[in-house]
Amino acid sequence: MKPLGPIPPGFAAIDGELAIGGYTASALAAEAGTPLFVYDGALITARVAALRAALPERLGLHYAMKANPFAPLLRHMARLVDGFDIASGGELEMAEAAGVPAERISFAGPGKRDADLEAAIARGVTLNLESAREAERALAIGEQLGKPPRLAIRVNPDFDLKGSGMKMGGGAKPFGVDAALVPGLVRRIMASGAEWRGLHIYAGSQTLDAAAIAEMQAATLALAARLAEESRAVLPACNLGGGFGIPYFPGDAPLDLAAVGDALGAQFSALPDVLADTAFCIELGRYLVGEAGVYLTRIIDRKESHGEVFLVTDGGLHHQLAASGNFGTVVRRNYPSAIATRFGAPVEEEASIVGCLCTPLDRLADKGGFPRAEEGDLVAVFCAGAYGASASPAHFLGHGPAAERLVNANP
Ligand SMILES: *Cc1c(COP(=O)(O)O)cnc(C)c1O
C-alpha cells in the first residue's frame, strides 16, 4: 500500500460521511452533480485571519488569483485581502467583475499584449513590468491614452526560494528584469512622468520550510534596499513575493506561520531608511485557498485487474491534473484522498482511484488504503482549492468541466 497525503484540518464526518463546511458530500453531489469542486469559504476566512494574526500588521496580503478564479470565490476573497495579483487581461476582467477596485490590482506576467496594457492603464491598475521593452510599450500606450501608467518593476532576483516547488528566480528567466538592469529602468520610468509604484520580487512557490521563507524575505528586503539606493528612488511599495506552501504529500508538515511572522517582524524593525515608508505586501495563492477545496467524483465502476482493485470515477485529470502528478511534480505521490461516503471507516483494501480518461496518466490515487467502496460511492480528493479546475485540461476527451460550488460565502 502506498501512503496518502495528509487530509487538511477542518473536515469532519457527519453520519459517516465527509462534510464540507457542514454539508455532507452526498447532499452536495445531489445538488450540483458530479464531478464537483466544493470550496469552503469559512476555511478561507479562517486562513486569512490566521495570517493576519501571525504576520506583521504592516504587511499587506494579496491574492494571486491564478490559484482559483471561480467567480464566487473571487467575490469572497475581495472582502478579505488587500489586493489582487493578476497575470492576464482575462484575469483583469474577472477581478473587476468580482468588485476589486483597480487601485488594488497589480498585473504581472510575461507577454502582456498591447490590448492588456491598454485595459490596465486605462483603469489605473499597477503594471509589474517584466522587461524594458514592456516598459516602453506601457509608456507609449499611456501617452496615447493621456493617462500616466502606474508602473512597478518585477525584479528577477539573484537568488531563489530553497525547497521551492517551482523556481521562479535566480539565473536566466523569462520573468522580471535582471537586478543589474533595474536602477537604469527605474530612472527611465521616473523621468517619463509615469507613476512610480516600486518593486515586485517573487522568488518561488510551495515551500513548507519557515526558515527558507525567512531567508528569502531577508534577501528580498536587502535586494529592495540596494536597488532603491542604486536607483536613488524611494520605493512607494514593494511586493515581497509569496512561496507559502501547503502539505500535499505523505510526510509533509504544515508551514510554521508563527516562525515566518516573527522573522519578518524582526526584519521590519530593522529596516534601512530607504525602506522606512515603503508599503510591503506578499502575494499568496494556494496557501489561501488550496486546502479549502475538495474535488468530489462518483465511482462508476469497480473492477479488478491482475489482482489489483481499480475504482473508476466520473472525474479525473481533466479536472484535477495536479493530483494525477502531471502538474509540476517530478515523482508522482498521492494527494490526500478518501472515500467520502465512508469517511473515517477503517482501511479494508488496497485500491487505485482512476479517472475516466483513456490514458494511464489518469490516476487520482495509486494503490492507497481505503474502506471497501462500491459503485455509487463518492471519492474526495483534498487540496483541490488551488490549481484544480482552472489548471486542468477540461476539454481533453470531451467530458466537459466539473461543477464548482462555494459554501459558507461571505454575506
Ligand atoms: C503563481 C504565482 C503566485 C502564487 O503562487 P502560490 O504558490 O499559489 O502561492 C504568486 N506570485 C506570482 C508572481 C506567481 O506567478
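What you see is a predicted model, and the numbers here were worked out from it, not measured in a lab. (Residues numbered from 1 in each chain as written. Predicted model: local features only at pLDDT ≥ 70, side-chain atom pairs only at ≥ 80, totals over all residues. Heavy atoms only, no water.)

1. What about the pairing of strand S15 (residues 279-284)?
Okay, so step 1: With 5 of 6 residues buried, S15 is to be regarded as a mostly interior element.
Okay, so step 2: Of the strand pairs in this sheet, strand S5 (residues 59-64) and S15 are connected by 5 bridges, and their pairing is parallel. Bridge pairing in S15 links Leu-59 to Phe-280.
Okay, so step 3: Bridge count between strand S14 (residues 237-239) and S15: 3 bridges; the pairing is parallel. Residue pairing for S15: Cys-238 is matched across the bridge by Phe-280.
Okay, so step 4: With helix H9 (residues 257-268) bridging S14 and its parallel neighbour S15, the resulting β-α-β unit is right-handed. (Buried < 20%, exposed > 50% of the residue type's maximum accessible area, 1.4 Å probe, protein only. Helix = DSSP H or I, 4+ residues; strand = E, 2+ residues; numbered from the N terminus. Pairing = 2+ DSSP bridges. Right-handed = clockwise from strand over helix to strand, strands pointing away.)

2. Overview of the packing of helix H5 (residues 114-123) against helix H6 (residues 132-145)
The relative placement of two packed helices comes down to the angle between their axes together with the axis-to-axis distance.
Okay, so step 1: Interhelical geometry of H5 versus H6 gives an angle of 55° and a closest axis separation of 10 Å. As judged from the angle between their axes, H5 and H6 are oblique. As for how H5 packs across H6, the hand of that crossing is right-handed. Along the contact surface, H5 presents Asp-114, Leu-117, Glu-118, Ile-121 and Ala-122, while H6 presents Glu-134, Arg-137, Ala-138, Ile-141, Gly-142 and Leu-145. (Axes fitted to C-alpha atoms, helices over the stretch in contact; angles between N-to-C directions. Parallel < 35°, antiparallel > 145°, perpendicular 65-115°, else oblique. Left-handed = near helix turned anticlockwise from the far one by under 90°. Contact = heavy atoms within 4.5 Å.)

3. Description of the domain arrangement of the protein chain
Okay, so step 1: The domains assigned to the protein chain are domain 1 (12-39 + 291-407) and domain 2 (69-284).
Okay, so step 2: Inter-centroid distance (C-alpha atoms) of domain 1 to domain 2 is 34 Å.
Okay, so step 3: If you look at the interface, domain 1 gives 13 residues, while domain 2 gives 11 residues.
Okay, so step 4: For the domain 1 and domain 2 pair, buried surface summed over both sides reaches about 1200 Å², with 72% attributable to carbon and sulfur atoms.
Okay, so step 5: If you sort the residues of domain 1 by the area they bury against domain 2, Glu-291, Arg-333 and Leu-406 come out on top, with a joint share of 38%. (Domains from an automatic or database assignment. Buried area = accessible area lost by both parts, 1.4 Å probe.)

4. Points about the packing of helix H7 (residues 182-192) against helix H8 (residues 210-231)
Okay, so step 1: Where H7 contacts H8, the two axes come as close as 8 Å, and the packing angle between them is 55°. The orientation of H7 with respect to H8, classified from their angle, is oblique. The interaxial crossing formed by H7 with H8 has right-handed handedness. Contact residues: Val-182, Pro-183, Val-186 and Arg-187 in H7; Leu-227, Glu-230 and Ser-231 in H8.
Okay, so step 2: For the contact of H7 with H8, the residue count by class is 4 nonpolar, 1 polar and 2 charged. (Nonpolar A, V, L, I, M, F, W, Y, C, P; charged D, E, K, R; others polar.)

5. So, the site of the ligand
Okay, so step 1: Near the ligand you find 12 residues, and of these Lys-66, Ser-205, Gly-285, Arg-286 and Tyr-387 are the closest.
Okay, so step 2: Taking Tyr-202, its side chain carries an N or O atom lying 3.3 Å from an oxygen atom of the ligand.
Okay, so step 3: Side-chain polar atom of Arg-286 to an oxygen atom of the ligand: 2.8 Å apart, as the coordinates give it.
Okay, so step 4: Protein contacts shield 91% of the accessible area of the ligand, which totals 390 Å² for the unbound molecule.
Okay, so step 5: Taken together, the residues that form the shell around the ligand break down as 5 nonpolar, 3 polar and 4 charged. (Near = heavy atom within 4 Å. Polar contact = N/O pair within 3.5 Å; in protein donor to acceptor, adjacent residues only side chain to side chain. Areas by Shrake-Rupley, 256 points an atom, 1.4 Å probe, with all protein chains shown as cover.)

6. Remarks on the pattern of salt bridges
Okay, so step 1: Counted under the stated rule, the structure contains 19 salt bridges.
Okay, so step 2: A salt bridge links Arg-52 to Asp-82, with the shortest nitrogen-to-oxygen separation between them at 2.8 Å. On the criterion of sequence distance, the pair formed by Arg-52 in helix H2 (residues 41-54) and Asp-82 in the loop between helix H3 (71-78) and strand S6 (83-86) is long-range, its members being 30 residues apart.
Okay, so step 3: Look at Arg-52 and you get partly exposed, because its relative accessible area is 35%.
Okay, so step 4: Asp-82 sits in the partly exposed class, given a relative accessible area of 33%. (Salt bridge = Lys/Arg side-chain N within 4 Å of Asp/Glu carboxyl O.)

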